[in-house]
Amino acid sequence: AQRVTQPEKLLSVFKGAPVELKCNYSYSGSPELFWYVQYSRQRLQLLLRHISRESIKGFTADLNKGETSFHLKKPFAQEEDSAMYYCALTIQTNDYKLSFGAGTTVTVRA
Amino acid sequence: EAGVAQSPRYKIIEKRQSVAFWCNPISGHATLYWYQQILGQGPKLLIQFQNNGVVDDSQLPKDRFSAERLKGVDSTLKIQPAKLEDSAVYLCASSGGETGNTIYFGEGSWLTVV
C-alpha cells in the first residue's frame, strides 16, 4: 500500500526567507504526487501537481523517484503563505484516490 | 463555478446518537468522495462513488457508518451510533467532467461527539 510521510508538523520562517516542506512517499510503481494547501477558514485546494511542472504562487516541487521525495520549495516566503500544506499521492490504477500525509503547518513571520 | 457544498458545517452530538451529513458535488462530476480528517492527521478516504455506485468503501466502518448517492448526484453520510473517536471533519470531494481527475473539496462538516 502507498504511504505519504511529512516529517515536519510545524515550520516557521521569516518573510523573505526560503521555505522547504518535505514529503516522502512509499510506492513501488509510478505515482502521481500533489501538494494541497488549506488557508485559514478556507477549503482544501490543489496547489500543484508534479505532472504539470508548474510554479504556482512561487512554489515548485520536483519528483525525485530515486529518493521517493516530492519536496515543496519557495525561495522567498510571504506572509500569505502561512497555511496548512498536505502532500498527497494517487496511482492511476486505484481510481485516483488520494492518500494524504499528516500535513505541515507553515507560519511566515514578518 | 459553484464548489462542493456541504451541510451542516458544525454539529455537536452525544455519543450513541446519530448524525447525517449532506454533500452536493460540482455539477457534472461523476466521482464523489467522503474523507475523514481527525485533528492533527491528513484526510483519510472513507468511501468513493462513481455515479451512484460504490467504487471503494474498504476504509468505511460499516458497523456504524453508511453512505449513499442514490441518484448519482447528492450524497449523504450517516453515523449511527456515534462514538467519541468519530469527532473529526468530514470532507466531501468530487472530480470528473471538464476538470478531469483533479479533486475539489468542500469546506467540511465539523463533528464533535461528547
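As a reminder, the structure under discussion sits directly above these lines.
Throughout what follows, the structure given in this document is the object of discussion. These figures come from a predicted structure and were not determined experimentally.

Before going further, it helps to examine the overall build of chain B. Counting secondary structure elements, chain B contains 0 helices and 11 strands. Sequence-ordered secondary structure for chain B, helices as α and strands as β, is β-β-β-β-β-β-β-β-β-β-β. Radius of gyration (C-alpha) of chain B: 13 Å, near the 13 Å computed for a compact globule of 114 residues. Projecting the C-alpha coordinates of chain B onto the three principal axes gives extents of approximately 40 × 25 × 25 Å. Residues counted as buried form 46% of the 114 residues belonging to chain B. For chain B, long-range pairs separated by at least 24 residues make up 53% of all intrachain contacts whose partners lie at least 6 apart in sequence. On chain B, roughly 5,600 Å² of surface is accessible, and the fraction owed to carbon and sulfur atoms is 50%. For chain B, the separation between the mean place of its 11 positive charges and that of its 11 negative charges on side chains is 7 Å.

In this section: the interface of chain B and chain A. Interface size is commonly expressed as the accessible surface area that is lost when the partners come together. Taken together, the contact pairs 19 residues of chain B with 16 residues of chain A. Taking both partners together, chain B and chain A bury about 1,500 Å²; carbon and sulfur atoms supply 49% of that area. Taken together, chain B and chain A are joined by 2 salt bridges. Note that Glu107 of chain B and Arg43 of chain A form a salt bridge whose closest N and O atoms lie 3.9 Å from each other. Where chain B packs against chain A, one counts 9 residue pairs in polar contact (both at pLDDT 80 or more). Take the side of chain B that touches chain A: its biggest share by element is 3 residues, from strand β4 (residues 31-37) of chain B. Here the side of chain B that touches chain A is built from residues that sort into 8 nonpolar, 9 polar and 2 charged.

Looking now at the nonpolar core. Among the nonpolar cores identified, the biggest contains 25 residues, and Leu21, Trp35, Leu47, Leu48, Phe70, Leu72 and Tyr85 of chain A are the most heavily contacted of them. Those elements that place two or more of their residues in this core are β2 (10-14), β3 (19-21), β5 (32-38), β6 (45-49), β9 (83-90) and β11 (104-109) of chain A. The element contributing the most residues to this core is β9 of chain A, with 4 residues. With residues near it in sequence (within four places) discarded, Leu48 of chain A still touches Leu33, Phe34, Trp35, Glu54, Ile56, Phe59, Thr60, Ala61, Phe70 and Leu72 of chain A. Judged by nonpolar contacts, the second largest core, of 21 residues, contains Ile47, Phe49, Leu77 and Ile79 of chain B.

Moving on, we get to the sheet that holds strand β8 (residues 75-79) of chain B. Within a sheet, neighbouring strands are paired by backbone hydrogen bonds and run either parallel or antiparallel to one another. All names here are of chain B. Spatially, β1-β3-β8-β7 is the arrangement adopted by the 4 strands of the open sheet, whose pairing is antiparallel. Of all strands in the sheet, those bounded by a partner on one side alone are β1 (5-7) and β7 (65-68). With strand direction ignored, the average angle separating the axes of adjacent strands in the sheet is 15 degrees. By the bridge criterion, 3 bridges tie β1 to strand β3 (residues 19-24) in an arrangement that is antiparallel. Pairing of Ser7 across the sheet is with Trp22, part of β3.

All names here are of chain A. Taken together, the 3 strands give an open sheet; going across it, the order is β3-β8-β7, and neighbouring strands pair in antiparallel fashion. Each end of this open sheet is capped by a strand with a single partner; those strands are β3 and β7 (60-61). Bridging between β3 and strand β8 (residues 72-74) involves 3 bridges; their strand directions are antiparallel. Looking at the pairing, Val19 lines up with Lys74 of β8.

It is generally the case that most residues other than glycine have a negative phi and that most peptide bonds are trans. Between Ser7 of chain B and the following residue, Pro8 of chain B, the backbone shows a cis peptide bond with an omega angle of -10 degrees. Counting through the fold element by element, Pro8 of chain B comes out in the loop between β1 and β2 (10-13). Note that the residue after Gln80 of chain B, namely Pro81 of chain B, is joined by a cis bond; omega there is -5 degrees. The topology assignment puts Pro81 of chain B in the loop between β8 and β9 (88-95). A positive phi is found at Lys57 of chain A, a non-glycine position, where the angle reads about 55 degrees. Within the element layout of this structure, Lys57 of chain A appears in the loop between β6 and β7. Given a relative accessible area of 48%, Lys57 of chain A falls into the partly exposed group. In this structure, Asn51 of chain B is a non-glycine residue whose phi angle is positive, near 55 degrees.

What counts as what
Residues numbered from 1 in each chain as written. Chains lettered and ligands numbered in written order. Predicted model: local features only at pLDDT ≥ 70, side-chain atom pairs only at ≥ 80, totals over all residues. Heavy atoms only, no water. Helix = DSSP H or I, 4+ residues; strand = E, 2+ residues; numbered from the N terminus. Rg over C-alpha atoms; globule rule 2.2 N^0.38 Å. Buried < 20%, exposed > 50% of the residue type's maximum accessible area, 1.4 Å probe, protein only. Contact = heavy atoms within 4.5 Å. Areas by Shrake-Rupley, 256 points an atom, 1.4 Å probe, with all protein chains shown as cover. Lys, Arg positive; Asp, Glu negative; His and termini not counted. Charge placed at Lys NZ, Arg CZ, Asp CG, Glu CD. Buried area = accessible area lost by both parts, 1.4 Å probe. Salt bridge = Lys/Arg side-chain N within 4 Å of Asp/Glu carboxyl O. Polar contact = N/O pair within 3.5 Å; in protein donor to acceptor, adjacent residues only side chain to side chain. Nonpolar A, V, L, I, M, F, W, Y, C, P; charged D, E, K, R; others polar. Core = buried A, V, L, I, M, F, W, Y, C linked by side-chain atoms within 4.5 Å. Pairing = 2+ DSSP bridges. Axes fitted to C-alpha atoms, helices over the stretch in contact; angles between N-to-C directions.

By themselves, these figures tell us nothing about what the structure is for.
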